[in-house]
Amino acid sequence: MGKRKRTTAATATTTTSSDLPLLPQKKHYRQRAHANPFSDHSLQYPIAPHAIDWSVHYPAFSGTGKAPEFADVGCGFGGLLIALAPIFPDTLMLGMEIRVQVSQYVQDRIAALRVTGQADDPDSTSYQNVSIVRANAMKFLPNYFSKNSLSALFFLFPDPHFKSRKHKARIISPTLLAEYAYVLRPGGIVYTITDVKDLHDWMRVHLSAFPLFEPVDEETLRSEGKGPIIDAVYTSTEEGKKVERNGGEKWLACFRRIECH
Ligand SMILES: C[S@@+](CC[C@H](N)C(=O)[O-])C[C@H]1O[C@@H](n2cnc3c(N)ncnc32)[C@H](O)[C@@H]1O
């Protein structure tokens, strides 16, 4: 059998004759399904949010003083960010993804979408409001987001870590909830969804028990105008689409960050 030629992320986006990058293809960014959140990935990370130059991520917003308001933790291939970008064009959104190739794919996807948007309409600011960092959100979330800066925090189809001895690796865990409450502003929403009922129950129990979060149901969020967000949470991500293809169930649980007294 002949050797298969490996494609690197750098060569995975082709260009057209007019030199516009085409959308990257996932098959060129293959990686193991899981990354250990406790291992040292030699990640680079900012010392604090104030040390981040957001204009590098969102050049069209430079000079506005804006920082990300939506964070998609474990964003995978970026489906939620891409779905929400045109719905909230003035809101900056950041995906956090620990896997190298997957975060590279999202970066290339956003870069390509920005260029094609500009080509269609030179005044377009399409996808200028989304970006991605390769980061271990379980270790470095407060290095990226300052206190009360986020209005939405997404945990969509997080890794389930089924075995009890692995539960400590779950991204919603009692030890991390204080960090999530810290970066969310009062009124901000934590959105969780999974196809694993046991994980849904785990996330619901822990988030409900934390004094700075209260459960909020889907109807209430829709009545507050957050329907497009809920729809994207259900349907936009690659993992969510896979669940749909396999006829699986999806369990949504949302929580509001309440004021501390
Ligand atoms: C099952 S996938 C879901 C991806 C995406 N949210 C979706 O719905 O398609 C979980 C993702 O979380 C990422 N992840 C796991 N632990 C992480 C961590 N500590 N920090 C950042 N990303 C993490 C994984 O690499 C993986 O891409």
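Bear in mind the structure is a predicted one, so any value in this text is a computation, not a measurement.

Rules of the game
- Residues numbered from 1 in each chain as written.
- Predicted model: local features only at pLDDT ≥ 70, side-chain atom pairs only at ≥ 80, totals over all residues.
- Helix = DSSP H or I, 4+ residues; strand = E, 2+ residues; numbered from the N terminus.
- Buried ≥ 20, exposed ≤ 12 C-beta atoms within 10 Å, placed from the backbone.
- Contact = placed C-beta atoms within 7 Å.
- Near = placed C-beta within 6 Å.
- UniProt positions renumbered as here; feature names shortened; annotations may be inferred.
- Pairing = 2+ DSSP bridges.
- Axes fitted to C-alpha atoms, helices over the stretch in contact; angles between N-to-C directions.
- Expected span 1.5 Å × (residues − 1).

This part takes up the overall build of the protein chain. Counting its regular elements, the protein chain contains eight helices and seven strands. The 261 residues of the protein chain split such that 33% are buried. Pairs at least 24 apart in sequence give 75% of the contacts found in the protein chain among residues at least 6 apart.

Another point: the site of the ligand. If you check the shell around the ligand, you find 23 residues, and the closest are Gly74, Gly76, Ile98, Thr237 and Glu239. When residues of the shell around the ligand are traced back to their parent elements, those giving at least two are β2 (93-97), α4 (137-144) and α8 (238-245).

What follows is about the UniProt feature "binding site: S-adenosyl-L-methionine" (unreviewed entry) in the protein chain. As annotated by UniProt and renumbered to match this structure, "binding site: S-adenosyl-L-methionine" (unreviewed entry) occupies Gly74, Glu97, Ile98, Asn136, Ala137, Leu156, Thr237, Glu238 and Glu239. Checked against the element boundaries, Glu97 lands in strand β2. The exposure class assigned to Glu97 is buried, which follows from the 26 C-beta atoms found within 10 Å. In contact with Glu97, other than residues within four places in its own chain, are Gly74, Cys75, Gly76, Val102, Ser103, Val106, Ile132 and Arg134.

Two strands in a sheet stick together by hydrogen bonds in their backbones, pointing the same way (parallel) or opposite ways (antiparallel). Taken in spatial order, the seven strands line up as β3-β2-β1-β4-β5-β7-β6 in an open sheet, and their pairing is mixed. For this open sheet the edge positions go to β3 (130-134) and β6 (213-216), each flanked by a neighbour on one side alone. Neighbour-to-neighbour, the strand axes of the sheet open up by a mean angle of 20°, direction not taken into account. Note: strand β1 (residues 70-73) against strand β4 (residues 150-156), three bridges, orientation parallel. Across the sheet, Phe70 pairs through a bridge with Ala152, a residue of β4.

Further remarks concern helix α3 (residues 100-120). In this model, α3 (21 residues) spans 31 Å end to end at C-alpha, consistent with the 30 Å of a helix rising 1.5 Å per residue. Val102, Ser103, Gln104, Tyr105, Val106, Gln107, Asp108, Arg109, Ile110, Leu113 and Arg114 are the residues of α3 that are buried. Against the buried residues of α3 lie β2 and β3.

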